[in-house]
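The lines below spell out each chain.
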Amino acid sequence: MVYLFIKPFIFITILWEIQILTAETINSSTACDRQKCLLPDCLCMKTAAPNGLNPEEIPQMVFLTFDDAVADVMYPTYQRILHNRTNPNGCDIGMTLFVTHEGTNYRLVNELFNKGNEIASHTVTHKMDNDYWKNTSADFWLREVGYQRHLLHSYGNIPFDTIQGFRSPFLQTGGDATLTALRMLGMSYDSSFTTMQFMDPPVWPFTMDYECQIPPCGNESHPGFWSIPMIEFRSSDNGFQCKTADTCFPPYIDRPDKPEASNLTADEIFHYFVFNFNRFNKNRAPFGIHQHMYWFLNNEPILEGFLQFLDYLATLDYVYIVPISKGIEWMKNPKTLKQLKDKDVFNCLKASPAPCPKPQVCYYTKSVPGGARFMGTCLPCPAEYPWLPDQYDPLTTTTTRQTTPSTTYSTVPNNSASEPDSNNLFLHLILIFQGLLLSFLHFFC
């Protein structure tokens, strides 16, 4: 019932997103000087493997990413994706989560981080207004990106220095303003630019010393800052192109001869992923699987097909499913599969565990975005539901919060994010419903 109610909003959102990003324009910038642009600090945009390595001798990296809130309703699916899946070196696979604020249970973010996954910023508000993101200043991005980083750190206890990546809502950046702010925050990469021109063979990630790919990216140089392009999927050999893996099927693509996503079989989904994977395997550019958790929910065949694909990848001794940040470390100092046996950048070492000392569910009768809100946290509940402050200086810990009239909150202590206390089941069910609702409304990017 929830899906039937929200489906029109999803359809409107995706049509709007497709309209925004239908045409890809390449902005001519100063050509990359390959004699001066050298690793580990600089890498030109190209389709060839770094340092001229033979594709057949290097790992095929897979960047598995999810966007938007990390909600209770999604966590069992994350567990199924990660369960008992390892890379050829025996280490657990890892993914990158671009997390936005509303609907997020920061206790679950903490659990996913401690399992070896990467946590990245996806802004606080995820506002559904293209101009809001496009016509902006560096100060604007410092607040949206930096404050979400602050929230991840404050309530999920994620170490600041591990939050290195960013993806913009609706894949709409503010050009130089965005990249300048990310560099000021000490972050190392952006993954917002999509490409349909450099799909076959796919382009490798590159640093922003020279290239500007999709306006409004500006004309300034951003030395050493990495761009992880979102290379589009194809629904089939002669099919449609789509910016994320979950948008190649109706109602997102108006194609009467293609089945609704709800009617797809596990076998069809499996072959869809294999088809796209084979394009990347030609030059072994990182295979980015960028998607939203929503399309797996209540659709077992789609999830089963995807899990079968992950099982297939596990049979290939050259495929490594790793967080983007680990992939960047490899690209800075590329090694062949043989060399990885002696110096394995994809090793099992994880960041120091981030404790979740006082897990709680916070309830607010009123909030700045409007209405009641729930939030899972690793620390005591703040007096007000956190929201984007009027001012935020990322170089200090002081913030100016907005005020919320007549706000009340209650706390629900809980020592197990995956197994809620039965005495507080009602509050957890509401938290799950809130996360589901907001993930659908904000699902795209």
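Above this text sits the structure in question.
Parameters at a glance
Residues numbered from 1 in each chain as written. Predicted model: local features only at pLDDT ≥ 70, side-chain atom pairs only at ≥ 80, totals over all residues. Heavy atoms only, no water. Buried < 20%, exposed > 50% of the residue type's maximum accessible area, 1.4 Å probe, protein only. Helix = DSSP H or I, 4+ residues; strand = E, 2+ residues; numbered from the N terminus. Polar contact = N/O pair within 3.5 Å; in protein donor to acceptor, adjacent residues only side chain to side chain. Pairing = 2+ DSSP bridges. Phe/Tyr/Trp six-rings, centres within 6.5 Å; stacked < 30°, edge-to-face > 60°. Disulfide = S-S within 2.5 Å. Core = buried A, V, L, I, M, F, W, Y, C linked by side-chain atoms within 4.5 Å. Contact = heavy atoms within 4.5 Å.

1. Here we look at helix α3 (residues 106–114)
For step 1, the next point in the chain: The element α3 is largely enclosed, with a buried count of 7 among its 9 residues.
For step 2, the next point in the chain: Residues of α3 that are buried: Y106, R107, L108, V109, N110, L112 and F113.
For step 3, the next point in the chain: The opening residue of α3, the one whose side-chain oxygen lies 3.0 Å from the backbone nitrogen of R107, is N105.

2. Details of unusual backbone geometry
Among all residues except glycine, the phi angle is most often negative; among peptide bonds, the trans geometry is most common.
For step 1, the next point in the chain: Residue L39 is joined to P40 through a cis peptide bond whose omega torsion reads 10°.
For step 2, the next point in the chain: Tracing the sequence through the fold places P40 in the loop between α1 (2–20) and β1 (60–67).
For step 3, the next point in the chain: You will see that T123, though not glycine, has its phi angle at about 80°, which is positive.
For step 4, the next point in the chain: Locating T123 in the fold gives a position in the loop between β3 (118–121) and α4 (130–134).
For step 5, the next point in the chain: Looking at T123, the relative accessible area reads 0%, which means it is buried.

3. Quick look at the pairing of strand β12 (residues 287–291)
For step 1, the next point in the chain: Most of β12 is tucked away: 5 of the 5 residues are buried.
For step 2, the next point in the chain: With 5 bridges joining them, β1 and β12 adopt parallel strand pairing. By the bridge assignment for β12, L64 is matched with I289.

4. Notes on the packing of aromatic side chains
For step 1, the next point in the chain: With the rule as written, the count across this model stands at 30 aromatic pairs.
For step 2, the next point in the chain: With a centroid separation of 5.2 Å and 25° between ring planes, the pair formed by F296 and F306 is classed as stacked. Linking F296 in the loop between β12 and α8 (300–313) with F306 in helix α8, this pair joins segments that are 10 residues apart in sequence.
For step 3, the next point in the chain: Look at F296 and you get buried, because its relative accessible area is 2%.
For step 4, the next point in the chain: Accessibility expressed as a relative area gives 0% for F306, which makes it buried.
For step 5, the next point in the chain: Pairing Y364 with Y385 gives two aromatic rings, centres 5.8 Å apart and planes at 65°, and the pair type is edge-to-face. Residue Y364 is located in strand β14 (residues 360–364), and its partner Y385 is located in the loop between β15 (373–377) and β16 (391–392); the two are separated by 21 residues in the primary sequence.
For step 6, the next point in the chain: Owing to a relative accessible area of 0%, Y364 belongs among the buried residues under this scheme.

5. Let's talk about the state of the cysteines
Two cysteines joined by a covalent bond between their sulfur atoms form a disulfide.
For step 1, the next point in the chain: Taken as a whole, this structure holds 6 disulfides when the rule is applied.
For step 2, the next point in the chain: Here C37 is linked by a disulfide to C42, with a sulfur-sulfur distance of 1.9 Å. Disulfide C37-C42: torsion about the S-S bond near -95°, hence left-handed.
For step 3, the next point in the chain: Relative accessible area serves as the criterion here: at 6%, C42 is assigned to the buried category.

6. Section: the nonpolar core
For step 1, the next point in the chain: Ranked by size, the top nonpolar core spans 91 residues in total, and within it F273, I289 and F309 carry the most contacts.
For step 2, the next point in the chain: Ranked by residue count, the leading element in this core is helix α5 (residues 138–156), at 8 residues.
For step 3, the next point in the chain: Sequence-distant contacts of F273, that is, excluding residues within four places in its chain, are made with F233, A245, F287, I289, Q291, W295, F306 and F309.
For step 4, the next point in the chain: Formed by 20 residues, the second largest nonpolar core is a distinct cluster that contains M61, F63, W204 and Y320.

Limitation: the analysis is restricted to geometry and does not speak to function.
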